Amino acid sequence: MRPQLTPFLKLFLTAICALLLTACGRTPLQEQQAYVFGTRVEVLVVSEDPEQGRKAIAAVLREFDRLHRAYHAWQPSELTTLNLAIFSGRPLKVTPELAEFVQEAQALAKQGDYLFDPGIGQLIKLWGFQADEFKAELPPAAEIKAWLASKPSIADISLDGTTVRSRNRDVALDFGGYLKGVALDRAATILRAQGINNALINIGGNVMALGSKQGKPWRVGIQHPRQPGPLATVTLADGEAIGTSGDYQRFFELDGQRYAHLLDPRTGYPADHTQAVTVLIPAGPRSGTLSDATSKPIFIAGPNGWRDMAKKMEIGLVLRVDRDNRIFVTEALRQRLEFIGQAPELTVLP
């Protein structure tokens with residue numbers, strides 16, 4: 001069964017047609033799309049020099065492709081080499097970049113009480129969510145139970161310089177819930193280094209804005225988890241990033257039950273209490289990374305824990321849609337949202 005994916009962008013650029021039209025005859029806007037990190041990406045830049053814009057986009061897409069190839073968890077890569085060493089019980093000297101990724105992902109996982117845990121690759125594989133296509137079937141309960149008994153986690157990894165060891169051979173690293181955000185930050189650095197100060201980068205729903213669009217803030221949409229099109233729109237200031245985790249992105253249905261790719265390491269099963277969580281991250285050197293990594297523990301924490309998790313991770317702008325279509329939003333984010341059509345009933349929290 002082919003996985004049911006959202007249309008092109010999970011966090012869609014709601015005014016893209018108008019944007020392209022108004023750009024004509026004014027400051028030239030260059031746009032290019034690609035398929036990387038298992039999703040479609042889009043880079044838009046505003047530049048008086050079209051050639052400068054094209055070269056900058058090409059540099060960004062080359063870096064995306066490099067990251068994708070080097071750290072793919074399921075095709076031959078530096079990361080699969082490390083996972084094989086872990087499974088074999090061997091230490092491995094890795095590149096400084098991979099060592100840095102492991103260290104940063106460990107810190108983020110710890111901050112989120114390991115609800116976001118890049119060490120659960122074996123669980124992802126049990127459910128089949130590592131594949132572009134997967135079957136609508138549950139993994140054997142005994143295998144889930146065995147995985148829970150082993151409790152593999154990125155916390156089992158230790159670093160000595162660039163030498164990686166694991167005290168648990170069942171750890172399998174998968175940076176799928178982290179690397180798109182890293183790529184956003186890399187893109188911002190590359191674009192600015194090439195003189196591009198106004199751009200919008202979208203990697204499958206994680207979006208970062210640089211500068212503005214002809215003096216006006218970039219406006220993006222927050223995808224409705226159960227309907228086509230956006231639930232609301234929000235403007236992004238220079239350097240801000242926004243990301244959404246949703247149960248509509250990769251899932252299958254069996255006997256009327258939806259099983260999504262957002263797995264709860266505490267149970268071994270997909271979290272089923274939430275449809276979507278969106279976070280907006282203020283400008284900073286890691287805003288892209290945080291837009292990707294922080295939405296997941298907030299999503300998985302569920303109705304009784306999501307707000308405390310957001311506070312613990314110092315994420316103040318959050319929107320959550322639960323399985324009953326109820327919408328919860330922090331006051332800080334509510335002030336910036338424009339809902340499409342009639343405003344829905346909201347629970348606004350401090």
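Please refer to the structure placed before this passage.
Description of the structure in this document. (Residues numbered from 1 in each chain as written. Predicted model: local features only at pLDDT ≥ 70, side-chain atom pairs only at ≥ 80, totals over all residues. Heavy atoms only, no water.)

1. Here's the deal with the overall build of the protein
Tallying secondary structure elements over the protein gives eleven helices and 19 strands in all. For the protein, the C-alpha atoms occupy an extent of roughly 60 × 45 × 40 Å along the three principal directions. Burial status across the protein gives 55% buried among its 350 residues. Sequence-distant contacts, at least 24 apart, represent 64% of the contacts inside the protein between residues at least 6 apart. (Helix = DSSP H or I, 4+ residues; strand = E, 2+ residues; numbered from the N terminus. Buried < 20%, exposed > 50% of the residue type's maximum accessible area, 1.4 Å probe, protein only. Contact = heavy atoms within 4.5 Å.)

2. Notes on the packing of helix α2 (residues 50-70) against helix α7 (residues 179-193)
Contact geometry of α2 with α7 gives a least axis separation of 10 Å together with a crossing angle of 150 degrees. Our classification of the angle between α2 and α7 gives roughly antiparallel. At the point where α2 passes α7, the crossing takes the right-handed sense. Here α2 contributes Ala56, Ala59, Val60, Glu63, Phe64, Arg66 and Leu67 to the contact with α7, which in turn contributes Leu179, Ala183, Arg186, Ala187, Ile190 and Leu191. (Axes fitted to C-alpha atoms, helices over the stretch in contact; angles between N-to-C directions. Parallel < 35°, antiparallel > 145°, perpendicular 65-115°, else oblique. Left-handed = near helix turned anticlockwise from the far one by under 90°.)

3. A few points about α7
Its 15 residues give α7 an end-to-end C-alpha distance of 21 Å, which sits within 8% of 21 Å, the value for a rise of 1.5 Å per residue. Most of α7 sits inside the fold, with eleven of its 15 residues counted as buried. Turning to α7, its buried residues are Leu179, Lys180, Gly181, Val182, Ala183, Leu184, Asp185, Ala187, Ala188, Ile190 and Leu191. On the buried face of α7, the contacting elements are β2 (39-46), α2, α4 (96-111), β6 (199-203), β7 (206-210) and α8 (287-293). Backbone geometry just downstream of α7 places Gly195 in the positive-phi region, at approximately 85 degrees. (Expected span 1.5 Å × (residues − 1).)

4. Notes on the packing of aromatic side chains
On inspection of all chains with the given rule, the structure shows 14 aromatic pairs. One aromatic cluster is present, formed by Trp127, Phe129, Phe134, Phe252, Tyr259 and Tyr269 through successive ring pairs. (Phe/Tyr/Trp six-rings, centres within 6.5 Å; stacked < 30°, edge-to-face > 60°.)

5. A closer look at the nonpolar core
Counting 70 residues, the largest nonpolar core has Phe64, Leu82, Phe175, Leu191, Ile201 and Ile298 as its most contacted members. The residues touching Ile201, leaving out its near neighbours within four places in the chain, are Glu42, Val43, Phe64, Leu184, Ala187, Leu191, Asn206, Val207, Met208 and Leu210. If you look at the next biggest cluster of nonpolar residues, it comprises 23 residues, including Val234, Leu236, Ile242 and Val321. (Core = buried A, V, L, I, M, F, W, Y, C linked by side-chain atoms within 4.5 Å.)

6. Section: the pairing of strand β11 (residues 251-254)
Direction of pairing for β11 relative to strand β12 (residues 257-260): antiparallel, over a ladder of four bridges. Within β12, the position partnered with Glu253 by the bridge is Arg258. Linkage of β11 to β12, two consecutive antiparallel strands, is achieved through a turn of two residues, within which Asp255 is found at a positive phi near 55 degrees. (Pairing = 2+ DSSP bridges.)

7. Brief notes about unusual backbone geometry
The phi angle at Tyr114 is positive, at roughly 60 degrees, despite the residue not being glycine. With respect to the helices and strands, the residue Tyr114 is situated in the loop between α4 and α5 (121-127).

8. Comments concerning the sheet that holds β6
Strand order in the open sheet formed by nine strands is β1-β2-β6-β7-β10-β15-β16-β17-β19, with mixed pairing between adjacent strands. If you trace the sheet from one side to the other, it starts and ends with β1 (29-36) and β19 (346-349), each paired once. In this sheet, adjacent strand axes meet at a mean angle of 10 degrees when their direction is disregarded. Taken strand by strand, α2 contacts β1, β2 and β6, and its axis lies near 15 degrees from that of β1. Across the sheet, α7 is in contact with β2, β6 and β7; its angle to β7 comes to roughly 20 degrees.

9. Considering the pattern of salt bridges
Within the structure shown, the criterion is met by 20 salt bridges. The shortest N-O distance in the salt bridge between Lys312 and Asp113 comes to 2.2 Å. Of this pair, Lys312 sits in helix α10 (residues 306-312) while Asp113 sits in the loop between α4 and α5, and the two are 199 residues apart along the sequence. Among the salt bridges present, the one from Asp322 reaches Arg326, with a minimum N-O distance of 2.7 Å. One continuous salt-bridge network, built from bridges that share partners, spans Glu63, Arg66, Glu97 and Arg186. (Salt bridge = Lys/Arg side-chain N within 4 Å of Asp/Glu carboxyl O.)

10. Let's talk about the pairing of strand β17 (residues 327-330)
A regular strand places its side chains on the two faces of the sheet in alternate fashion. The alternating pattern of β17 places Ile327 and Val329 and Phe328 and Thr330 on opposite faces, both of which are buried. Between strand β16 (residues 317-322) and β17, which pair antiparallel in sequence order, lie four residues; one of them, Asn325, sits at a positive phi of approximately 70 degrees. Relative to β19, β17 runs parallel, the two being bridged by four bridges. Residue Thr330 lies in a different strand from β19, and its bridge partner there is Leu349.

11. Describing the packing of α4 against α7
Remark: α4 packs on α7, axes separated minimally by 12 Å, with the N-to-C direction vectors making an angle of 120 degrees. In terms of their interaxial angle, α4 and α7 are classed as oblique. In this structure, α4 crosses over α7, and the sense of that crossing is right-handed. In this structure, α4 contributes Glu97, Phe101 and Glu104 to the contact, and α7 contributes Leu179, Val182 and Arg186. Among the residues forming the contact of α4 with α7, the class breakdown is three nonpolar, no polar and three charged. (Nonpolar A, V, L, I, M, F, W, Y, C, P; charged D, E, K, R; others polar.)

12. So, the side chain of Asp247
Looking at where Asp247 falls in the secondary structure, it is placed in the loop between β10 (241-246) and β11. Relative accessible area serves as the criterion here: at 6%, Asp247 is assigned to the buried category. One polar contact links Asp247 to Arg226, side chain to side chain, over a distance of 2.8 Å. Apart from the residues within four sequence positions on either side, Asp247 is in contact with Arg226, Arg258, Ala260, Leu262, Thr274, Gln275 and Phe299. (Polar contact = N/O pair within 3.5 Å; in protein donor to acceptor, adjacent residues only side chain to side chain.)

The values are spatial; any link to function lies outside them.
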